[in-house]
Amino acid sequence: MEKELFLSGYCRCMDASRMVEVVVTDGDVEIDCSYENCPHTPVCEIAKKIAEIKKEMP
């Protein structure tokens, strides 16, 4: 089953508000931002939401 989520928040890399698309399919997560390599991940509200989504995965 595929689930598509849109997360909104402030992106420090872009220095602007943005929507991030997160697609969850059978244990795989695709994210349309540089979440994995972003230097701001520890303080990013969008990254916190993505981490919660990843924790809920089986």
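Residues numbered from 1 in each chain as written. Predicted model: local features only at pLDDT ≥ 70, side-chain atom pairs only at ≥ 80, totals over all residues. Heavy atoms only, no water.

A. Main features of the pairing of strand 1 (residues 2–11). Sheet topology note: the strand 1/strand 2 (residues 16–25) ladder contains ten bridges and is antiparallel. Bridge pairing in strand 2 places Lys3 opposite Val24. Taking the residues that link successive antiparallel strands as the turn, the strand 1-strand 2 hairpin has four residues, and the phi of Asp15 there is positive, at about 55°. (Pairing = 2+ DSSP bridges. Helix = DSSP H or I, 4+ residues; strand = E, 2+ residues; numbered from the N terminus.)

B. A look at the nonpolar core. Counting twelve residues, the largest nonpolar core is built from Leu7, Val20, Val22, Val24, Val29, Tyr35, Cys44, Ile46, Ala47, Ile50, Ile53 and Met57. Only strand 2 and helix 1 (45–56) provide two or more residues apiece to this core. (Core = buried A, V, L, I, M, F, W, Y, C linked by side-chain atoms within 4.5 Å. Buried < 20%, exposed > 50% of the residue type's maximum accessible area, 1.4 Å probe, protein only.)

C. Molecular detail of unusual backbone geometry. For Asp15, which is not glycine, the phi torsion reads 55° and is therefore positive. As for its placement among the helices and strands, Asp15 is situated in the loop between strand 1 and strand 2. Classification of Asp15 as exposed rests on a relative accessible area of 57%.

D. Representation of the environment of Phe6 in the model. Here Phe6 lies in strand 1. In this structure Phe6 comes out as partly exposed when scored by relative accessible area, which is 48%. For Phe6 and Lys55, which are 49 residues apart along the polypeptide, the C-alpha to C-alpha distance reads 17 Å. The residues touching Phe6, leaving out its near neighbours within four places in the chain, are Met19, Val20 and Glu21. (Contact = heavy atoms within 4.5 Å.)

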